[in-house]
Structures are given as structure tokens and as C-alpha cells.
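Secondary and tertiary structure notes
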Amino acid sequence: MPVYTCTTVQETLGADTKAELAAEITRVHSMINHVPGTYVNVVFHELAPENAYTDGLPAHPLLINGWVRTGHPAAQSSQLVAEVAAAATRVTGIPAKRVLVVIQNSPAHFAIEGGRVLPEPGEEQAWLHEQQGAD
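All residue numbers here refer to positions counted from 1 along the written sequence of the relevant chain. The model is predicted, so local features are restricted to residues of pLDDT at least 70 and side-chain atom pairs to those at 80 or more, both for listing and for counting; the totals for chains, interfaces and linings are taken over all residues. To obtain the side-chain values, all non-hydrogen atoms of the structure were used and water was disregarded.

The chain is annotated in an unreviewed UniProt entry as Tautomerase from Mycolicibacter arupensis.

Structure (C-alpha cells):
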């Protein structure tokens with residue numbers, strides 16, 4: 001359900017670091033939003049060095065954009081963004097000043113996964129049960 005896109009300049013992160021960061025984002029999201037890790041999608045997008053700028057100058061940031069369903073308490077969302085940012089710095093070694101994490105949300109009914117409209121927060125178990133019955 002949630003989608004996290006990690007954007008960096010090419011060759012900033014090795015395969016092992018990407019795998020560890022994806023695992024940490026999954027762990028944090030699952031713990032805070034109380035959903036199974038199987039819901040969490042993490043993808044990496046790498047840019048050529050001449051395609052990343054901060055303050056008009058070439059840069060090497062780590063940009064993490066997350067999408068989640070509307071309806072999670074504000075405190076959870078604040079904790080989520082803080083813990084994802086801390087994990088990104090810890091796992092990658094990229095200084096916090098070069099890490100930007102943005103969590104955006106929209107209603108669950110704005111997204112479809114596996115051919116089905118996503119459930120509202122708190123209704124995941126019934127949604128999964130219905131999905132397993134449809135297989």
C-alpha cells in the first residue's frame with residue numbers, strides 16, 4: 001500500500017545499502033502504522049549527477065517521498081517522517097542535512113492495488129481476508 005521512492009544520484013547507494021534501507025523503511029512504517037511489511041513498497045530512482053541540484057548547485061541529496069493513506073493520526077505521521085529520516089541517515093551514512101523525507105497522503109479510495117480499492121486505515125485485516133477469499 002504505501003509507496004516510498006528513494007531518489008539519489010547514481011552510485012550513491014550500493015545494492016546492500018539499498019536493501020538495508022528498504023528493510024528499515026518497511027520496519028518503521030509497519031511498526032508505526034500497524035500494518036504488515038507486505039504492504040510496504042520501496043523503490044529506488046537514480047539520477048545522473050548533472051540532474052540533481054540544491055540551491056542551484058550540483059548536489060547529492062537523498063530524497064525520500066512516501067505516499068500513505070489519509071486517516072493516520074498526526075502524531076503517527078510526525079513520528080513516521082522523523083524515524084524514516086533517522087533510519088536513512090543511519091543506514092546510508094548520508095548526513096541529515098542532505099536527507100529530505102516527505103510523506104504525502106490521499107484517501108484510500110484514490111488507490112488500487114491488486115485490482116482492489118485500498119482499505120481505510122484500521123480496515124486492513126478485513127481487506128486481506130476478502131482478498132484471500134477471492135484467490
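A word on the pairing of strand β6 (residues 99-106). At least two bridges found by DSSP between two strands are what make those strands a pair. Runs of H or I in DSSP of at least four residues are treated as helices and runs of E of at least two as strands, each being numbered from the N terminus. Judged from the 8 bridges that link them, strand β5 (residues 62-69) and β6 form a sheet pairing that is parallel. Each residue of the ladder has a partner; that of Asn65, found in β6, is Val102.

Following the sequence through the fold, Arg116 ends up in strand β8 (residues 116-117). A 3.5 Å cut-off defines polar contacts: any pair of N or O atoms within that distance qualifies, except that in protein one atom must be a possible hydrogen donor and the other a possible acceptor, and neighbouring residues in sequence count only when both atoms are side-chain atoms. Within the local environment of Arg116, its side chain forms a polar contact with the backbone oxygen of Trp127, the two atoms lying 3.0 Å apart. Contact partners of Arg116, with chain neighbours within four places excluded, come to Ala111, Trp127, Glu130 and Gln131. Note on contacts: a residue pair is in contact if any heavy atoms of the two residues lie within 4.5 Å.

The end-to-end C-alpha distance of helix α1 (residues 15-33) is 27 Å, a good match for the 27 Å that 19 residues give at a rise of 1.5 Å each. Turning to α1, its buried residues number three or more, namely Leu21, Ala22, Glu24, Ile25, Thr26, Val28, His29, Ser30, Ile32 and Asn33. Buried residues along α1 sit in contact with β1 (3-9), β2 (41-47), β5 and α2 (74-92). Just downstream of α1 lies His34, where phi reads positive at about 55 degrees. Each residue after the first adds 1.5 Å to the expected span of a helix. Relative accessibility under 20% of the residue-type maximum defines a buried residue, over 50% an exposed one, and the middle range a partly exposed one, all with a 1.4 Å probe and only protein chains included.

Another aspect to go through is the UniProt feature "domain: Tautomerase cis-CaaD-like" (unreviewed entry) in the chain. UniProt positions are given in the numbering used here, feature names are shortened, and annotations may be inferred rather than shown by experiment. UniProt annotation of "domain: Tautomerase cis-CaaD-like" (unreviewed entry) refers to residues 1-130 when read in the numbering used here. Helix makes up 35% of residues 1-130 and strand 29%, with an end-to-end C-alpha separation of 16 Å.

So, about the pairing of β5. Judged by how many residues are buried, β5 sits mostly within the fold: 6 of 8 residues are covered. Relative to β5, β1 runs antiparallel, the two sharing 5 bridges. Counterpart to Val3 in the pairing with β5 is Trp67. Orient the strands so they point away from the viewer; a crossover is then right-handed if the path from the first strand over the helix to the second runs clockwise. Handedness of the β5-α2-β6 crossover: right-handed.

Two side chains with opposite charge may pair up if their charged atoms get near one another. A side-chain nitrogen of Lys or Arg and a carboxyl oxygen of Asp or Glu constitute a salt bridge if their distance falls within 4 Å. Taken as a whole and judged by the stated rule, the model has 3 salt bridges. Between Lys18 and Glu46 there is a salt bridge, and its shortest N-O distance comes to 3.1 Å. On the criterion of sequence distance, the pair formed by Lys18 in helix α1 and Glu46 in strand β2 is long-range, its members being 28 residues apart. Look at Glu46 and you get partly exposed, because its relative accessible area is 32%.

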